[in-house]
Structures are given as C-alpha cells and as structure tokens.
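Structural characterization, general
Here is how the chains run, residue by residue.
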Amino acid sequence: TTLAIVVIVITTAATTRITTMRKVLLLVLSSILLIACQQNAVYTHFESIPTTWSADSTLVFHPVLSDSINEYQVLLNIRHTDRYPYQNLWLFVDIQQDTVLLRRDTIEAQMANERGEWYGKGMSQYTLPLLYLENEILTQGEYTLTIQQGMRTEKLPGITEVGVRVEIKDYGKE
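Small disclaimer: the values here were computed from a predicted structure and weren't measured. (Residues numbered from 1 in each chain as written. Predicted model: local features only at pLDDT ≥ 70, side-chain atom pairs only at ≥ 80, totals over all residues. Heavy atoms only, no water.)

This brings us to the overall build of the chain. Summing up its helical and strand segments, the chain has 1 helix and 12 strands in all. Element order for the chain, N to C, with α for helix and β for strand: α-β-β-β-β-β-β-β-β-β-β-β-β. When each of the 174 residues of the chain is scored for burial, the buried share is 34%. Counting only contacts in the chain whose residues sit at least 6 apart along the sequence, the fraction spanning at least 24 positions is 80%. As displayed, the chain has an accessible area near 11,200 Å², and 58% of this comes from carbon and sulfur atoms. (Helix = DSSP H or I, 4+ residues; strand = E, 2+ residues; numbered from the N terminus. Buried < 20%, exposed > 50% of the residue type's maximum accessible area, 1.4 Å probe, protein only. Contact = heavy atoms within 4.5 Å. Areas by Shrake-Rupley, 256 points an atom, 1.4 Å probe, with all protein chains shown as cover.)

Here we take up the side chain of N113. Tracing the sequence through the fold places N113 in the loop between strand 7 (100–110) and strand 8 (121–122). A distance of 2.7 Å separates a polar atom in the side chain of N113 from a polar atom in the side chain of E117. (Polar contact = N/O pair within 3.5 Å; in protein donor to acceptor, adjacent residues only side chain to side chain.)

A few words on the sheet that holds strand 8. Pairing is antiparallel across the open sheet formed by 5 strands, whose spatial order is 1-12-5-9-8. Of all strands in the sheet, those bounded by a partner on one side alone are strand 1 (41–48) and strand 8. When strand 5 (residues 71–81) meets strand 9 (residues 125–137), the two strands line up antiparallel, connected through 10 bridges. Note on strand 9: the bridge partner recorded for H80 is Y126. (Pairing = 2+ DSSP bridges.)

This part covers the nonpolar core. Ranked by internal contacts, the top residues of the largest apolar core, which has 35 residues, are L76, L89, L91, I147 and I159. Elements supplying a minimum of two residues to this core: strand 3 (59–61), strand 5, strand 6 (88–97), strand 7, strand 9, strand 10 (141–149) and strand 12 (159–168). Top element by residues in this core is strand 9. It accounts for 5 residues. Not counting residues up to four positions away in its chain, the partners in contact with L91 are W53, L76, I78, D105, T106, I107, L130, I147, Q148, Q149 and G150. (Core = buried A, V, L, I, M, F, W, Y, C linked by side-chain atoms within 4.5 Å.)

Printed below as a string of structure tokens:
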C-alpha cells in the first residue's frame, strides 16, 4: 500500500506539472498570436461616446504615418449595445492632411440582419469592424479623420465607442 500511495502521489504531481506546462504553453502561443495580429497596425484609437451620440458631435482621430512606401487599409470599428434601435448606421467621414480635405464619404454600416441579429462580435456589447479604405496609398505625415453620425436622430442611443485602425496592407492574407 505504501508503494501504491507513492505512485499515486508521483502521478498526481506529474499530471499537475503537465497541466501547468500546457497552460503556460497556451498562454505563450496566445501572446505570440496576439502580437502577430497587431504587427500590421500603425494606428489604433477608440473614442468613447457618453449616453447618446449627438448629431453635432464630431469624433476626431489623428493617425500619423511614417512612410509612403506601403499600401494601407483603414478600418472603422463600431461598438454598440442592444440599446441601438436601428439595423443600419450612417456615418459622415472626412480625411484631411494638413488643411487639405482629401476625401469626404457617407457610409452606411449594416449593423444587423433583417431578423435583428447583430453583426460583429460580442454578447451584450458588440464590435463591428468596417473596412473603410483598402489598398490606399497614403503619404507620410499626420492625418485628421473625423466621424459624425448621419442618422435622422438628434441623440443616438446604444453606440458606446467608435474606433479607427490603420494598418499596412498584408498581401499574405489574400
């Protein structure tokens, strides 16, 4: 019986060590994957929106690009809750460099399908990434990107944050 107890203790210790090693390995691999996914990002920033998003409220972002060799893609990230009352969201987006307006766009974001099921990721708060610009050649320097909600509602509930992400185009993912 003493031998059986020693074998059980050794087996339990070995199993605990293997489980701990698996957790550490999983943590390391997850970290590497997270870092790898972030390598192409040259700018990421979110602006919080209080209780409602006013029609006259402008969100301002200032990405700085260090080179003009690469092509870029720009994503808009919309975070919202179930309090958002519509299936879509209209946005007015301007991009300026110095004082020159480079482009002005009106974008319709589909937030939910016809059954009211939200697009994007999340459970009580959803994040919907929208590809705004793709394969864009942008010159070096600081940009000003402004976003306004373009709905016919003065105070828009349910949108909690809007973000901009600029990344170098990765041709390996096509």
